[in-house]
Amino acid sequence: MSAGWPPSTQMAMRMRKRGSGKKRDQSLNNLATRRGSLGNIQGDRYHRTSFPLVMDIPMYSDDVRVMDDLVDTSPSLSCSALQHFPFQQLPDVCKFKVWSFLKQSDLGRSMLVCREWHRMIQKPQLWNTIQFSSLPYSCLPHDCVGPVHTEPVCHHCFRKRVFSFGRFLTLIQPAVTRFQFCLDISHPSDKFISVVELFINTARMANLKNADINWKDSPSRQPIRGSQESSRDYVHRFRRRQRLFVQFFERFTSLAPHLTTLVIPFDWSERSVKSLCQLKRLENLVLEKYGIYSTNFDQKFLDIILQDLGKLRKLLLEVWMPTCSGIKKFYIMSKSLTYLDVSQCRGFYLHYLMTPTLEDLRMVRQIWNNTVAWRQIEPLPCMFEILATGAPRLKTINGQTLNADWAYQSSEQLTSQLSIICCCVNHIGNSIEGMV
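All values reported here derive from a predicted model rather than from experimental measurement. (Residues numbered from 1 in each chain as written. Predicted model: local features only at pLDDT ≥ 70, side-chain atom pairs only at ≥ 80, totals over all residues. Heavy atoms only, no water.)

### Notes on the overall build of the protein chain
Within the protein chain one finds 16 helices and twelve strands. Considering the protein chain as a whole, with its 436 residues, one finds that 41% of them fall into the buried category. Intrachain contacts of the protein chain at a sequence separation of at least 6 include 64% that bridge at least 24 residues. On the protein chain, roughly 24,500 Å² of surface is accessible, and the fraction owed to carbon and sulfur atoms is 54%. (Helix = DSSP H or I, 4+ residues; strand = E, 2+ residues; numbered from the N terminus. Buried < 20%, exposed > 50% of the residue type's maximum accessible area, 1.4 Å probe, protein only. Contact = heavy atoms within 4.5 Å. Areas by Shrake-Rupley, 256 points an atom, 1.4 Å probe, with all protein chains shown as cover.)

So this is what it looks like as structure tokens:
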């Protein structure tokens, strides 16, 4: 294009190009020098995005500075390549890896970025953690007017979110590894049981490892027990909820055979115990109470669970027994338990323990409502004898570390704990005299 120019003009144009190249090289070198002296400035491509937040990296950590040193700042790179994180240019495998660190709500927001992200984030592998209770409880922006809406917790909008999220999960059929919900499955107008049943029937539950299932409460709804509901209606809904749970739990345990951790309010019915025993790989189990008293609880059910669940390592038990006639005596026998927590039980006393691998024990002294019964029953065995023979490997009681020879030599830590957990005559001391 410059062939028609005079020779003097062509020489001047070549000199200007050489000068501009030197200036451009100097500007790139100056940029690299400023980055090395100032550390992580806003021009850093990692801090133009949410990369530190997603990867759990502090904004000014040494690890990020090491990454800065690895960035190529040669003159061949343009300034835009140094200032922006090329997320769109990453392979799909890398994108899925970054998205796998996001929470459920963040994944939903990311789907609104563009059509490509909306299509890719719908992959079932990304939705391996499902938490219905993590949905917002506030009013929807486009639906916040009317008598059914309340602030700051709006059950009407929360119910809409639950049903909408359930329809979305039905379409993508996620491969679930963690599952959690806190919903009242018996409420006549909410009908949350239909959402939960549809989810477990369509999702891929074979690899489910962790489940936290609260089927008796909805935190977004105020309790209706009182003037709004008669005692007869309350009892009817209480029993209906239990029947729905038994049916749901049978289906759930058949679809999730590889479950290792389970937290659930338990009704201690025969069908529920049978369903629970199907989870042969269960290692951590939390059985909360359902109702005021665990009327269906029986020693034989506890024996069946501990016998069939051979891999159970941690057990937290919450059982409330009527104490009008005194504390009920129970025993626990397991070859695999290393952690046992019965501190939430009421009217429940361990008079025998056979757990050779138990290392951590949590329990408290049981209080009776009828204090006169203290002098009317046979003496209770001492917890020291029970633990010395039934839990020889015990290391901690209520978080208090014991000496290695605690079973043979008394210590101050053991004595203080026995005064808290034991109900025998020797350790309860003058407490009975003050209560009677």
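### Examining the packing of helix 8 (residues 155-172) against helix 9 (residues 192-202)
For the pair helix 8 and helix 9, the least separation of the axes is 9 Å and the interaxial angle reads 20°. It follows that helix 8 is roughly parallel to helix 9 by the angle criterion. Note that helix 8 runs across helix 9; the crossing there is left-handed. On helix 9, the residues that touch His-155, Phe-158, Arg-159, Val-162, Phe-163, Gly-166, Leu-169 and Thr-170 of helix 8 are Phe-192, Ser-194, Val-195, Leu-198, Phe-199 and Thr-202. Here the contact of helix 8 with helix 9 is built from residues that sort into eight nonpolar, five polar and one charged. (Axes fitted to C-alpha atoms, helices over the stretch in contact; angles between N-to-C directions. Parallel < 35°, antiparallel > 145°, perpendicular 65-115°, else oblique. Left-handed = near helix turned anticlockwise from the far one by under 90°. Nonpolar A, V, L, I, M, F, W, Y, C, P; charged D, E, K, R; others polar.)

### Observations regarding the side chain of Glu-318
Structurally, the position occupied by Glu-318 is in the loop between strand 6 (314-317) and strand 7 (328-333). Among buried charged residues, Glu-318 stands out as having no salt bridge; its nearest opposite-charge side chain is Lys-289, 5.1 Å away. From its side chain, Glu-318 meets the backbone nitrogen of Lys-289 in a polar contact 3.3 Å long. Other than its neighbours up to four places away in sequence, Glu-318 contacts Leu-287, Glu-288, Lys-289, Ser-294, Gln-344 and Cys-345. (Lys, Arg positive; Asp, Glu negative; His and termini not counted. Salt bridge = Lys/Arg side-chain N within 4 Å of Asp/Glu carboxyl O. Polar contact = N/O pair within 3.5 Å; in protein donor to acceptor, adjacent residues only side chain to side chain.)

### Here we look at the side chain of Gln-180
The topology assignment puts Gln-180 in strand 2 (residues 178-182). Residue Gln-180 is classed as buried on the basis of its relative accessible area, which comes to 18%. In this structure the side chain of Gln-180 is engaged in a polar contact, spanning 3.4 Å, whose partner is the side chain of Ser-133.

### Digging into the pattern of salt bridges
Enumeration over the complete set of coordinates arrives at six salt bridges. Between Arg-237 and Asp-184 there is a salt bridge, with the nearest N and O atoms lying 3.2 Å from each other. On the criterion of sequence distance, the pair formed by Arg-237 in helix 10 (residues 231-255) and Asp-184 in the loop between strand 2 and helix 9 is long-range, its members being 53 residues apart. Of the residues examined, Asp-184 reaches a relative accessible area of 6% and is grouped as buried. Residue Arg-362 pairs with Asp-360 through a salt bridge whose shortest N-O separation is 3.2 Å. Through salt bridges that share partners, Asp-184, Arg-237 and Arg-241 make up one connected network.

### Some remarks on helix 9
Among all positions of helix 9, only Phe-192, Ile-193, Val-195, Val-196, Phe-199 and Ile-200 are buried. Angularly, the buried residues of helix 9 cover 160° about the axis, an arc narrow enough to put them on a single face. Tucked into the core, helix 9 has its buried residues touching strand 1 (129-131), helix 8, strand 2 and helix 10. (Arc of directions from axis to C-beta.)

### A word on the layout of surface pockets
Roughly 770 Å³ of volume is contained in the largest pocket. Looking at the lining of the largest pocket, the elements with two or more residues in it are helix 6 (104-110), strand 1 and helix 8. Taken together, the residues that form the lining of the largest pocket break down as twelve nonpolar, ten polar and four charged. (1 Å grid on protein atoms, 1.4 Å probe; cavity = no way out; pocket = protein on both sides within 12 Å on 5 of 7 lines; lining within 4 Å. Points joined across faces, edges and corners; volume = space filled by probe spheres on them.)

### Considering the sheet that holds strand 3 (residues 210-214)
Spatially, the ten strands line up as an open sheet ordered 1-2-3-4-5-6-8-10-11-12, and their pairing is mixed. One side of each edge strand has no neighbouring strand; the edge strands of this open sheet are strand 1 and strand 12 (400-401). Pairing geometry for strand 2 and strand 3, over five bridges, is parallel. From the neighbouring strand, Arg-178 faces strand 3, where its bridge partner is Asn-210. (Pairing = 2+ DSSP bridges.)

### Here's the deal with the packing of aromatic side chains
Under the definition given, this model contains 26 aromatic pairs. Where Trp-127 meets Phe-168, the ring centres are 5.1 Å apart and the plane angle is 70°; that geometry is what we call edge-to-face. Separated by 41 residues along the polypeptide, Trp-127 in the loop between helix 7 (115-120) and strand 1 and Phe-168 in helix 8 bring together distant segments of the chain. Phe-168 matches Trp-127 in its accessibility class, with the two residues each being buried. Here Phe-297 and Phe-330 contribute two aromatic rings whose centre-to-centre distance is 5.2 Å and whose plane-to-plane angle is 65°, an arrangement assigned as edge-to-face. With Phe-297 in the loop between strand 5 (284-288) and helix 12 (299-308) and Phe-330 in strand 7, the pair connects residues that are 33 residues apart, well separated along the chain. Here Phe-297 matches Phe-330 in class, with each residue buried. (Phe/Tyr/Trp six-rings, centres within 6.5 Å; stacked < 30°, edge-to-face > 60°.)

### As for the confidence of the model for the protein chain
The share of residues in the protein chain with pLDDT of 70 or more is 72%, and the mean pLDDT across the chain is 76. Of all helices and strands in the protein chain, the one with the weakest mean pLDDT is helix 2 (residues 51-54) (30), whereas helix 11 (residues 270-276) scores best (94). The low-confidence segment residues 20-78, where pLDDT is below 50, has 63 contacts with residues more than four positions distant or belonging to other chains. Across residues 369-376 the pLDDT falls below 50, and counting only partners more than four positions away or on other chains, this stretch makes twelve contacts in the model. (pLDDT = per-residue confidence, 0-100.)

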